[in-house]
Amino acid sequence: MTWKIERTPGRPLHRTDDDHLALPLRLTRDGDHPADAELTLTPAEAEHLHAALCRALDAHPAPPSGPDRRRSVQVSPSAACIVGRA
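Rules behind the numbers
- Residues numbered from 1 in each chain as written.
- Predicted model: local features only at pLDDT ≥ 70, side-chain atom pairs only at ≥ 80, totals over all residues.
- Heavy atoms only, no water.
- Helix = DSSP H or I, 4+ residues; strand = E, 2+ residues; numbered from the N terminus.
- Buried < 20%, exposed > 50% of the residue type's maximum accessible area, 1.4 Å probe, protein only.
- Salt bridge = Lys/Arg side-chain N within 4 Å of Asp/Glu carboxyl O.

Visitor: How do you make sense of unusual backbone geometry when you look at a structure like this?
Guide: Peptide bonds are, in most cases, trans, and in most cases residues other than glycine have a negative phi. Positive phi outside glycine occurs at Asp19, with the angle close to 65°. Here Asp19 is to be found in the loop between strand 2 (14-15) and strand 3 (21-29). With a phi angle near 50°, Asp30 is a residue other than glycine that sits in the positive phi range. Given a relative accessible area of 48%, Asp30 falls into the partly exposed group.

This is the structure in structure tokens:
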């Protein structure tokens, strides 16, 4: 049995009524489509996820089809050395 979690096509990230962020996800098992769900994050949780994703992606160039939003990650004003991209 193989489970797969991916973004739900055509359903963008959105804010909920209680100011959380909801990411629509599609859960499939062995190719079947058993359920759609949402990953709901507080703004603080979304910021932590954003920082973690930026750190993970920092060593890789952005794909041509990706948004032009990636910048080098600053860990902390006292400890970080900010280096721009050439």
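After that view, the rundown keeps rolling.
Visitor: Any chance you could explain the pattern of salt bridges here in plain terms?
Guide: A side chain with one charge may pair with a side chain of the opposite charge, provided their charged atoms come close. On inspection of all chains with the given rule, the structure shows four salt bridges. Lys4 is the partner of Glu6 in a salt bridge, and the nearest nitrogen-oxygen pair spans 3.7 Å. The exposure class assigned to Glu6 is partly exposed, which follows from its relative accessible area of 31%. Overall, Lys4 belongs to the partly exposed group, its relative accessible area being 47%. Ionic pairing is found between Glu38 and Arg11, a salt bridge with its closest N-O pair at 3.2 Å. One end of the pair, Glu38, is in strand 4 (residues 32-41); the other, Arg11, is in the loop between strand 1 (3-7) and strand 2, with 27 residues separating them in the sequence. Judged by relative accessible area, Glu38 falls into the partly exposed class, the value being 37%.

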